[in-house]
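Single-letter residue listing:
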Amino acid sequence: MSAKTPDDKDSKSSSSNETTTRKRLKKIQQELRTPIGKIVAGLVTVAIITAVGFASATSVTSTIDKVKLSRLTAKIEKIYTQSYQKKAQAALVAERDKSSHDQDDIFVKYNPYGTDTTGAYIYFTTDQPAKVSYTISAPDTDYPDFSATPDKGDEYTTTHEFQALGLIPEATNTITINITLKNGEKFTRTINHKQGKLQSEVEIQLKSTKKNASQDLGNGLYAILGNDSDDQDFMYYYDTHGVIRGEIPILFYRSHRLLFRNDLMYFSASTHLIVGMNKLGRLVKFYNTGTNYILHHDYEFDKNGNFIVLATDLREKTIQDKIIKIDAKTGKVSLLVDMVSLFKTYEATAKNASLGSSSDTTTTSDSNSANFNADSTPKKKDWIHLNTIQVLDDGSAIVSSRETSTIIKINSIESKPSIGYMIGEKNFWKGTDYTKYLLTQKGSFPNTGGQHSVTYVSDPSLPDGEYYLYMFDNNYGLSNTRPDYDWAANTPGINTSMTKYTTSDYDKYLVNEKTGTYQLASTFKVPFSPLVSSAQDLSNGTILIDSGMRGTFGVYTSNGKLISQWKMQLRDTIIYRVYQYDFHNFYFA
């Protein structure tokens, strides 16, 4: 006789369980034949049908949303073409010029170029030279009025043509035109208009988490640059009450900053395209990075008005480590700086890594697609990750490297680039060929961790060779290409967790190139954001801070007291930057 095996024991137990199960099923069947049992069975059936119906309805809704998105994307792709803009201009002029328009018959066309959902083109003439201004109000709502003097509106003229910003979505708006003659006589004209919906799902008025009643918040509008989304992308304007005053569609990716030159406003509309828009909303200039490069994170003008752009070379295995120039006259694209050449021995030791995941299947290799991720990829080496550029008058540039938490000055970027200096954690660069470029730190303070929006500020009161650099210091230590480096051990107080929220900082350095030193001029704590984000010193002495991964932006005094703050719903995970622009000599006088 063979010994009983574990399998024999399990078989006996299994047979016993099957007998018990059959008895229980028979009892349940008997109970379901009773009146109460039939009711229960009916309820279960209804629940199943409801669940199936809900799943089906969800599927239908998802399909409808995809169709709507596809149509919207196709529409915006047409808007960002020269042919569309020329046709829109011709149609506008033809409609306007069918008859004359004085102050009693003002011509209005809403969003004629497809570039601002809440904008209105205004045209009329006056017999006598006059100044003009306008006020947008929505009397049936609680939203505050928005008043502005359009560009050239503070000059006496007989022809008045401008774009009025700020129509309130889904409300009846009153546009009041204020007209002032040279003799001091004043009169108004009003236009009523029922404004439609926004093209995206964002708040008409942002939630205020710190209300301000009296403090000056600066002059202009807050530009939301990159509330990134898997859906259609937009740039937004909000006023100092947190009310939307502009919705500007872009192709995809994000607009990183606004540049102004020769009556045009320039911004990126995709990974390949920079456009120039006039004050009426018409796109009149188109610049493309070509097939070899894509732009990312930032761009500036050089002294001749050419675009100096942070870029990725699509032909190489590294990303976000090039600087290119787009000639403003010819559109020619040329490589100015290859960071690999400047940091050759360091790049060779960095690991092949990025913020991307090797299992990510949502992105595409097509850089002309909205699904292309310009900021991270599992297949490319993101060893330095440039995220800001400041172009100086002497032909040098200051760039910010997130991956190394280092600020780098590059000399002669348009001729013979070379490393001017570096500001960063000396232990990070220990043992490399680049420690000789590090400026000496004066005073005891933690260095930055993944800083963003580094901004150069000259000050005539400072001695020659000195200037300020301010930034959003994320206070987050992470270098995927340097997994051996322990940020927590080398930078006191730095956060190494993306989900454990502590604080980030506004930091301002005083740099002295003559002595080769830098010191902390001012600092204060701000809401933590491990990635992205921005800081901006405003003209009235206050400071605007965007904590991008928190979806909050606020205005602070120079010593860090919070004056006012808003929270915006994230369309995905970040708001890349928030800058305030006064739009002087563009939208406004």
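In this numbering scheme, every chain counts its residues from 1 along its sequence in written order. For a predicted model such as this one, the threshold for reporting local features is a pLDDT of at least 70, and the threshold for listing and counting side-chain atom pairs is 80 or more; totals across whole chains, interfaces and linings nevertheless cover every residue. Where side-chain values are given, they derive from all heavy atoms of the structure, hydrogens and water being excluded.

Student: How do you make sense of the overall build of the chain when you look at a structure like this?
Tutor: Tallying secondary structure elements over the chain gives seven helices and 32 strands in all. The contact criterion used throughout is that any non-hydrogen atoms of two residues lie within 4.5 Å. Pairs at least 24 apart in sequence give 60% of the contacts found in the chain among residues at least 6 apart. Accessible surface computed for the chain: about 28000 Å², of which carbon and sulfur atoms make up 49%. Each helix corresponds to a stretch of at least 4 residues labelled H or I by DSSP, and each strand to a stretch of at least 2 residues labelled E; elements are numbered beginning at the N terminus. Shrake-Rupley sampling with a 1.4 Å probe provides the accessible areas, and residues are treated as covered by the protein chains on show and by no other component.

Student: Got a minute to help me understand empty space enclosed by the protein in this structure?
Tutor: Using a probe with the size of a water molecule, rolled over the atoms, empty space left in the structure can be pinpointed. The pocket and cavity definitions rest on a 1 Å grid over protein atoms only: a 1.4 Å probe that fits but cannot leave marks a cavity, an open set with protein on both sides within 12 Å along at least five of seven lines marks a pocket, and residues lining either have an atom within 4 Å of a point. Grid points are joined across faces, edges and corners, and a volume is the space filled by probe spheres set on the points. What the rule picks out here adds up to one cavity of 30 Å³ or more. Its boundaries defined by the atoms lining it, the largest cavity holds a volume of some 50 Å³. Around the largest cavity, the lining residues are Arg402, Ser405, Gly449, Gly450, Tyr476, Leu478, Pro530 and Leu531. In this classification, Asp, Glu, Lys and Arg are treated as charged, Ala, Val, Leu, Ile, Met, Phe, Trp, Tyr, Cys and Pro as nonpolar, and every other residue, Gly included, as polar. Class assignment for the residues of the lining of the largest cavity results in four nonpolar, three polar and one charged.

Student: Just checking my understanding: could you explain the sheet that holds strand 28 (residues 534-537) for this structure?
Tutor: Two strands in a sheet stick together by hydrogen bonds in their backbones, pointing the same way (parallel) or opposite ways (antiparallel). In this analysis, strands are considered paired if DSSP registers two or more bridges between them. Strands sit in the order 7-31-30-29-28 across an open sheet of five strands; the sheet is antiparallel. Two strands close off the open sheet at either side, each with one partner strand: strand 7 (207-210) and strand 28. Looking at each pair of strands side by side, their axes are set apart by 20° on average, direction ignored. The sheet contact formed by strand 7 and strand 31 (residues 562-567) spans three bridges and is antiparallel. Bridge pairing links Ser208 to Trp566 in strand 31. Angles shown run from 0 to 180 degrees and are taken between the N-to-C directions of axes, each axis being a line fitted to C-alpha atoms and, for helices, limited to the stretch in contact.

Student: Sorry if this is basic, but what is going on with the pairing of strand 32 (residues 575-581) here?
Tutor: Within a regular beta strand, the side chains point alternately toward one face of the sheet and then the other, so they alternate between its two faces. Burial classes: relative accessible area under 20% of the type maximum marks a residue as buried, over 50% as exposed, and values in between as partly exposed (1.4 Å probe, protein chains only). Among the seven residues of strand 32, seven are classified as buried, and the element is accordingly described as predominantly covered. Summarising the sheet, strand 8 (residues 221-227) and strand 32 pair through six bridges and their orientation is antiparallel. Within strand 32, the residue paired with Ile224 across the bridge is Val578.

Student: What am I meant to see in the sheet that holds strand 21 (residues 406-411) here?
Tutor: Ordered in space as 19-20-21-22, the four strands form an open sheet in which the pairing is antiparallel. The open sheet has two edge strands with one neighbour each: strand 19 (386-391) and strand 22 (418-423). Strand-to-strand twist of the sheet, defined as the mean angle between neighbouring strand axes without regard to direction, takes the value 20°.

Student: When you look at the nonpolar core in this model, what are you seeing that I'm missing?
Tutor: Nonpolar side chains tend to gather and get buried jointly when the protein is soluble and globular. Nonpolar cores were defined as sets of buried Ala, Val, Leu, Ile, Met, Phe, Trp, Tyr and Cys residues, with membership established by side-chain atoms within 4.5 Å. Membership of the largest hydrophobic core comes to 89 residues, with the highest contact counts inside it found for Tyr80, Tyr134, Ile177, Tyr237, Leu258, Phe267 and Phe583. Tallying contributions element by element places strand 2 (residues 120-137) first for this core, with seven residues. If near-sequence neighbours (up to four positions away) are discounted, Tyr80 is found in contact with Ile248, Pro249, Ile250, Leu251, Phe267, Ala269, Leu273, Val275, Leu283 and Phe286. One finds Val340, Tyr346, Ile410 and Trp487 within the second-largest nonpolar core, a separate group that totals 30 residues.

Student: How do you make sense of the side chain of Glu247 when you look at a structure like this?
Tutor: With respect to the helices and strands, Glu247 occurs in strand 10 (residues 244-249). Despite being buried, Glu247 has no salt bridge partner; Arg571 is the closest side chain of opposite charge, sitting 7.2 Å away. A polar contact of 2.5 Å, which involves the side chain of Glu247, links it to the side chain of Thr117. Here Glu247 is in contact with Thr115, Asp116, Thr117, Thr118, Leu198, Gln199, Ser200, Phe234, Met235 and Tyr236, once residues within four sequence places are set aside. Neither His nor the chain ends contribute to the count of charged residues, in which Lys and Arg are positive and Asp and Glu negative. The term salt bridge refers to a side-chain nitrogen of Lys or Arg lying within 4 Å of a carboxyl oxygen of Asp or Glu. Polar contacts, as counted here, are pairs of nitrogen or oxygen atoms within 3.5 Å of one another; within protein the pair requires one atom able to donate a hydrogen and one able to accept it, and residues that are adjacent in sequence qualify only if both atoms are side-chain atoms.

Student: I tried to follow the pairing of strand 9 (residues 234-238) on my own but got confused; where do I start?
Tutor: A large share of strand 9 lies buried, amounting to five of its five residues. Of the two faces of strand 9, the one carrying Phe234, Tyr236 and Tyr238 and the one carrying Met235 and Tyr237 are both buried. Both strand 8 and strand 9 contribute to a ladder of three bridges, which runs antiparallel. When the bridges of strand 9 are listed, Tyr222 appears paired with Tyr238. The antiparallel pairing of strand 8 with strand 9 creates a hairpin that spans six residues between the two strands.

Student: Would you explain helix 3 (residues 82-96) in this entry?
Tutor: In an α-helix, one turn spans 3.6 residues; hence positions three or four apart end up facing the same way. One fewer than the residue count of a helix, multiplied by 1.5 Å, yields its expected span. With 15 residues, helix 3 extends 21 Å between its outermost C-alpha atoms, agreeing within 8% with the 21 Å of an ideal straight helix rising 1.5 Å per residue. Buried within helix 3 are the following residues: Gln85, Ala88, Leu92 and Arg96. Angularly, the buried residues of helix 3 cover 60° about the axis, an arc narrow enough to put them on a single face. With respect to the buried face of helix 3, the exposed residues turned more than 90 degrees away are Lys86 and Lys87. What the arc describes is the spread of directions from the helix axis to the C-beta atoms.

None of this, on its own, says anything about what the molecule does.
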